[in-house]
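An overview of the molecular structure
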Amino acid sequence: MMNPKPYIPVERILLGPGPSPVPQRVLRAMAAPTLGHLDPDYLAIMDNTCEMLRQVFRTKNLLTFPVSGTGMAGMECIAVNMIEPGDEVIVCVNGVFGTRMKDVMERCGAIVHAIEITWSDVFTLEQIKTVLDQHPKVKLVGIVHAETSTGAHQPLEGLAELVHGRGALLVVDAVTSLGGHELCVDDWGIDAIYSGTQKCLSCPPGLSPVSFGERALARLDARKSKPQSWYLDVSMLRKYYTDGGGGGGRVYHHTAPINMTYALHEALVMVLEEGLDARIARHATMHQRLRNGLEGMGIRYIPKRSLHSLNCINIPAGADDAGVRRRLLEEYGIEIGSGLGPMAGKAWRIGLMGHGASIRNVDLVLAALREVLR
Ligand SMILES: *Cc1c(COP(=O)(O)O)cnc(C)c1O
């Protein structure tokens with residue numbers, strides 16, 4: 001028989017690829033009384049949350065809301081709604097998350113033309129144009145803005161013009177960039193985008209903010225078949241999250257994760273209190289501070305164009321990958337990430353996301369690494 005006893009987790013300093021440290025304010029918000037999912041008070045909090053998401057995504061898109069589920073649910077939501085079986089799509093693959101996007105879109109019945117480049121490199125407009133030229137029937141181009149597996153930062157400016165010129169939609173994974181990197185959904189012409197709460201927004205995992213623009217909605221309306229997923233069908237979800245479009249009231253679809261919404265609401269209030277620009281600048285400054293320290297120790301960055309929110313570095317020669325990470329965790333309470341996929345055993349990933357991107361954490365992880373690597 002199990003002896004029931006409360007579980008009190010230890011406190012860690014989360015400097016891995018996510019989840020990131022969650023401020024007390026956000027944790028406290030989660031502990032507020034649970035409301036009904038059609039309670040007017042709850043709907044007001046939900047509406048405010050969607051409005052703040054629009055500000056953080058820098059978009060006017062009405063259909064902007066948090067999908068119930070983690071970042072992968074957002075990826076599946078966009079794929080299953082934007083793709084019909086037999087559609088040709090292009091997916092840009094330079095890491096684990098591009099690989100997953102290809103897999104998810106194939107499961108939706110898409111014919112995926114993957115553009116694969118060396119992991120940790122980023123795509124040029126030329127590379128994407130060449131593949132678009134080869135496949136004139138392509139309906140969608142998917143790309144990862146912040147490849148958390150390699151730390152590469154993909155520029156997106158100018159891509160929408162190219163993609164729209166071919167009548168295709170631009171779909172972006174912004175799980176590790178939203179709230180930590182410059183990201184302009186409207187100015188950059190992004191048609192559909194998904195993110196997550198537990199990276200630069202510093203909220204626990206559990207929701208996936210998404211946004212759909214005009215072109216994406218037109219694609220949705222023109223569908224000949226229903227999306228395979230009932231749970232993620234946006235034509236139904238929008239009747240709950242956006243008041244049915246025409247003031248038709250809120251239509252129950254599934255029970256929204258009420259307390260997770262409180263958490264996201266508080267996390268977004270904190271983003272806007274700090275100011276989105278100031279927050280993005282803080283991520284840049286903390287990245288540079290860490291980078292200076294690591295390079296001073298002779299440690300090299302793997303991607304040429306590094307993210308600020310995720311620092312992917314070579315494991316120094318002679319260092320014991322798992323041993324170092326275990327000592328950081330046990331002796332300092334610091335979590336950093338291991339290498340993913342082909343980078344396993346070769347890379348460490350230090351996340352400076354949201355609340356985690358502070359002088360205190362940067363200097364602590366540098367001092368701890370210096371000591372453990374001695
Ligand atoms: C973390 C991450 C995801 C997946 O999010 P989950 O919350 O783990 O489901 C997708 N894409 C990128 C780039 C990520 O970093």
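Here, residues in each chain are numbered from 1, in the same order as that chain's written sequence. Local features are withheld for residues below a pLDDT of 70 in this predicted model, meaning they are given only at 70 or higher, and side-chain atom pairs are given and counted only at 80 or more; totals for whole chains, interfaces and linings count all residues. Hydrogens and waters are ignored; side-chain quantities use all the structure's heavy atoms.

Some remarks on the domain arrangement of the protein
Where a domain begins and ends is set by an automatic assignment or by a domain database. The domain architecture assigned to the protein consists of domain 1 (13-17 + 276-373) and domain 2 (24-271). For domain 1 and domain 2, the distance between their C-alpha centroids amounts to 27 Å. It only takes one pair of heavy atoms within 4.5 Å for two residues to be counted as in contact. Contacts between the two partners involve 24 residues from domain 1 and, on the opposite side, 30 residues from domain 2. When two parts are put together, the accessible area they lose, computed with a 1.4 Å probe and summed over both, is reported as buried area. Summed over both sides, the interface between domain 1 and domain 2 buries roughly 2200 Å², with carbon and sulfur atoms accounting for 59% of that surface. When the area that domain 1 buries against domain 2 is broken down by residue, the three leading residues are L276, R305 and L307, summing to 30%. Salt bridge criterion: a side-chain nitrogen from Lys or Arg within 4 Å of a carboxyl oxygen from Asp or Glu. Where domain 1 meets domain 2, there are 2 salt bridges. One salt bridge connects R58 with D277, and the closest N-O pair in it is separated by 2.9 Å. Under the rule applied, a polar contact is a pair of N or O atoms within 3.5 Å (in protein, one hydrogen donor and one hydrogen acceptor; residues adjacent in sequence only if both atoms are side-chain atoms). For the pair domain 1 and domain 2, the number of links is 10 residue pairs in polar contact (both at pLDDT 80 or more). For the side of domain 1 that touches domain 2, the elements supplying multiple residues, two or more each, are helix 10 (276-296) and strand 11 (310-314). Secondary structure elements follow DSSP: runs of H or I no shorter than four residues count as helices, runs of E no shorter than two count as strands, and numbering proceeds from the N terminus. The biggest single contributor to the side of domain 1 that touches domain 2 is helix 10, with 5 residues. All amino acids are sorted into three groups, where Ala, Val, Leu, Ile, Met, Phe, Trp, Tyr, Cys and Pro are nonpolar, Asp, Glu, Lys and Arg are charged, and the leftover types, Gly among them, are polar. Of the residues that constitute the side of domain 1 that touches domain 2, the class distribution is 12 nonpolar, 7 polar and 5 charged.

Regarding the site of the ligand
We call a residue near a molecule or strand when any one of its heavy atoms sits within 4 Å of it. Every residue close to the ligand is listed here: T70, G71, M72, F97, A146, T148, D173, V175, T176, Q198 and K199. Within the backbone of G71, a nitrogen or oxygen atom sits 2.9 Å from an oxygen atom of the ligand. Between an oxygen atom of the ligand and a side-chain N or O atom of T176, the distance comes to 2.9 Å. Of the residues that constitute the shell around the ligand, the class distribution is 4 nonpolar, 5 polar and 2 charged.

Thoughts on the packing of helix 7 (residues 214-221) against helix 8 (residues 234-241)
The geometry of a pair of packed helices is captured by two quantities: the angle between their axes and the separation between those axes. Think of each axis as a best-fit line through the C-alpha atoms, taken over the contacting stretch in the case of a helix, with angles from 0 to 180 degrees between the N-to-C directions. The geometry of helix 7 relative to helix 8 is characterised by a closest axis approach of 11 Å and an angle of 120° between their N-to-C directions. Looking at the two axes, helix 7 sits oblique to helix 8. In this structure, helix 7 uses L217, L220 and D221 to contact helix 8, whose residues at the interface are V234, S235 and R238. The residue inventory of the contact of helix 7 with helix 8, partitioned by class, reads 3 nonpolar, 1 polar and 2 charged. In what follows, roughly perpendicular refers to angles from 65 to 115 degrees, roughly parallel to angles under 35, roughly antiparallel to angles over 145, and oblique to any angle outside these ranges.

Regarding unusual backbone geometry
Residue P19 follows G18 across a cis peptide bond; omega there is 5°. By the secondary structure assignment, P19 is in the loop between strand 1 (13-14) and helix 1 (24-30). Even without a glycine there, the phi angle at R58 is positive, about 55°. Relative to the elements of secondary structure, R58 occurs in the loop between helix 2 (40-57) and strand 2 (63-68). The phi torsion at S202 lies on the positive side, around 55°, for a residue other than glycine. Mapped onto the fold, S202 is located in the loop between strand 9 (192-194) and strand 10 (207-212). You can call S202 buried: its relative accessible area is 2%. Summary of the burial criterion: residues with accessible area below 20% of their type's maximum are buried, those above 50% are exposed, and those between are partly exposed, where the area comes from a 1.4 Å probe applied to protein chains only.

With respect to the sheet that holds strand 4 (residues 111-116)
A pair of strands is considered paired only if DSSP assigns at least 2 bridges between the two. Spatially, the 7 strands line up as an open sheet ordered 2-10-9-8-5-3-4, and their pairing is mixed. Two strands in the sheet have a free side with no partner beyond their single neighbour: strand 2 and strand 4. Direction aside, neighbouring strands of the sheet carry axes that sit 20° apart on average. Where helix 8 meets the sheet, its contacts fall on strand 2 and strand 10, and the angle it forms with strand 2 comes to roughly 105°.

A short note on the sheet that holds strand 14 (residues 347-351)
Strand order in the open sheet made by the 3 strands is 11-14-13, with antiparallel pairing throughout. Looking at strand neighbours, the two that pair on one side only are strand 11 and strand 13 (337-338), the edges of this open sheet. Bridging between strand 11 and strand 14 involves 5 bridges; their strand directions are antiparallel. Bridge pairing in strand 14 places N314 opposite A347.

Some thoughts on the pattern of salt bridges
Following the criterion strictly, the structure yields 22 salt bridges and no others. As a salt-bridge pair, K129 and D133 come within 3.4 Å of each other at their nearest N and O atoms. With K129 and D133 both in helix 5 (residues 125-134) and 4 residues apart, the pair spans about one turn of that helix. Residue K129 is classed as partly exposed on the basis of its relative accessible area of 31%. Between R325 and D321 there is a salt bridge; the shortest N-O distance is 2.9 Å. Taken together, the positions of R325 and D321, both in helix 11 (residues 321-332) and 4 residues apart, correspond to about one turn of that helix. Residue classification places D321 among the buried residues on the basis of a relative accessible area of 15%. A single salt-bridge network, built from bridges that share partners, covers R25, E266 and E273.

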